[in-house]
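Each chain, written out:
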Amino acid sequence: MAEQDDEEEFGAEADEARPPRLRLSRRGVTVLVALGALLVGGLVWTVFFSAALDVRRVAVQGLDSGQLTSDEVERALGATARGPLARVDLDEARAEVAKVPRVAEVEVWRGWPHTLRVKVTERRPVAAVKADDGRFVQVDARGVEFATEPQPPSGVPVVALQLSGPAQDALPVVDRPSLVRAAITVAAGLPPAVAKQAGSLTVYSYDDIRLQLASGATVRWGSAEQTARKAGVLTALLARKAGNYDVSAPDAPAVSG
């Protein structure tokens, strides 16, 4: 009986020590909800609609060729780089910059609070094709023509077509664009050390492509097939000074002159 009295007394003291629960009235709940909505609404308005977080700067990375400028990239972005940063359509921004001929790849992301960041990968020429007007069209490893200049860029071969009689007759089957693409395949497969020595890449027919080196030596390449294999063989052959190198049959190369 004494134990029961003790438990009741202890329970009563515990109830007195427990802080009272905070109970909000319906009106209080309504007020808190309204305040929360105002806070969220104000935040949304500040981020998405006010000028507080507008785009104020475009930061461009990857421009290392000296041929493409930040101003050109910003002009390509146009209206997509204006207004609140949160509302910039990144996909549209990427698409606009990708239209610049010298741009191979592009990434765009937000740099809070005011910067739109753009990373560009520029196209690199592997060959130059002489156009009918005497200027030179730069072509990248994917065969994309992206710039035309009065002079060819240094360190890449100039592609020329000097088609033989049989090759002229075969044009309905293997047309000029296909022959140029074959030459570009060869140019793209040249090791950097060889590409720097390359002066011209002449196409006489589909299976008779020849590379003229700066030293005056000629490389008979054959067709564009097995380009990687031929490039490796040529690199080894160049250890021997000669006037002619033949890698048209890479398993049986020849050196003469």
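Rules of the game
- Residues numbered from 1 in each chain as written.
- Predicted model: local features only at pLDDT ≥ 70, side-chain atom pairs only at ≥ 80, totals over all residues.
- Heavy atoms only, no water.
- Helix = DSSP H or I, 4+ residues; strand = E, 2+ residues; numbered from the N terminus.
- Buried < 20%, exposed > 50% of the residue type's maximum accessible area, 1.4 Å probe, protein only.
- Contact = heavy atoms within 4.5 Å.
- Areas by Shrake-Rupley, 256 points an atom, 1.4 Å probe, with all protein chains shown as cover.
- Salt bridge = Lys/Arg side-chain N within 4 Å of Asp/Glu carboxyl O.
- Pairing = 2+ DSSP bridges.
- Axes fitted to C-alpha atoms, helices over the stretch in contact; angles between N-to-C directions.
- Expected span 1.5 Å × (residues − 1).

### Some details on the overall build of the protein chain
For the protein chain, the count of helices and strands is eight helices and 12 strands. Split into buried and exposed, the 257 residues of the protein chain put 34% on the buried side. When contacts within the protein chain are restricted to residue pairs at least 6 apart in sequence, those whose partners lie at least 24 apart make up 46%. Summing over all exposed atoms, the protein chain offers an accessible surface of approximately 15700 Å²; the carbon and sulfur share of this is 53%.

### With respect to the pattern of salt bridges
With the rule as written, the count across this model stands at 10 salt bridges. Across the pair D64 and R124 runs a salt bridge, and its minimum N-O distance is 2.5 Å. In this pair, D64 is assigned in the loop between β1 (57-61) and α3 (70-77) and R124 in the loop between β3 (115-122) and β4 (125-130), connecting sequence segments 60 residues apart. Residue D64 is classed as exposed on the basis of its relative accessible area, which comes to 56%. Here the residues in one salt-bridge network are D208, R210 and R220, joined through shared partners.

### Here we look at the sheet that holds β3
Spatially, β1-β3-β2 is the arrangement adopted by the three strands of the open sheet, whose pairing is mixed. The open sheet is flanked by β1 and β2 (103-111), the only strands paired with a single partner. Between one strand axis and the next, the sheet turns by 20 degrees as a mean value, whatever way the strands run. Against the sheet, helix α4 (residues 90-98) contacts β2 and β3, and its axis sits at roughly 150 degrees relative to β2.

### Looking at helix α6 (residues 176-189)
Taking 1.5 Å per residue, 14 residues should reach 20 Å; α6 reaches 20 Å between its end C-alpha atoms and fits that length. Among all positions of α6, only L179, V180, A182, A183, I184, V186 and A187 are buried.

### Points about the pairing of β4
As defined by bridge partners, β4 adjoins strand β5 (residues 136-140) across five bridges and the pair is classed as antiparallel. In the strand pairing of β5, A128 is matched with Q138. Connecting β4 to the antiparallel partner β5 that follows it, the hairpin turn spans five residues, and G134 within it adopts a positive phi of roughly 90 degrees. Sheet analysis places β4 next to strand β7 (residues 158-161), joined by two bridges and oriented parallel. Among the inter-strand pairings, A128 is bridged to a residue of β7, identified as V158.

### Considerations on the sheet that holds strand β8 (residues 198-205)
Here we have nine strands laid out as an open sheet, ordered β6-β5-β4-β7-β8-β9-β10-β11-β12, and mixed in their pairing. Two strands in the sheet have a free side with no partner beyond their single neighbour: β6 (145-149) and β12 (254-256). Pairs of neighbouring strands in the sheet enclose a mean axial angle of 25 degrees, with direction left out of account. In the sheet, β5 pairs with β6 via four bridges, with the strands oriented antiparallel. Residue pairing for β6: Q138 is matched across the bridge by A147. Sitting on the sheet, α6 is in contact with β4, β5, β7, β8, β9 (208-213) and β10 (218-222), with an inclination near 145 degrees to β4. Along the sheet, helix α8 (residues 227-237) makes contact with β9, β10, β11 (244-246) and β12, crossing β10 at roughly 155 degrees.

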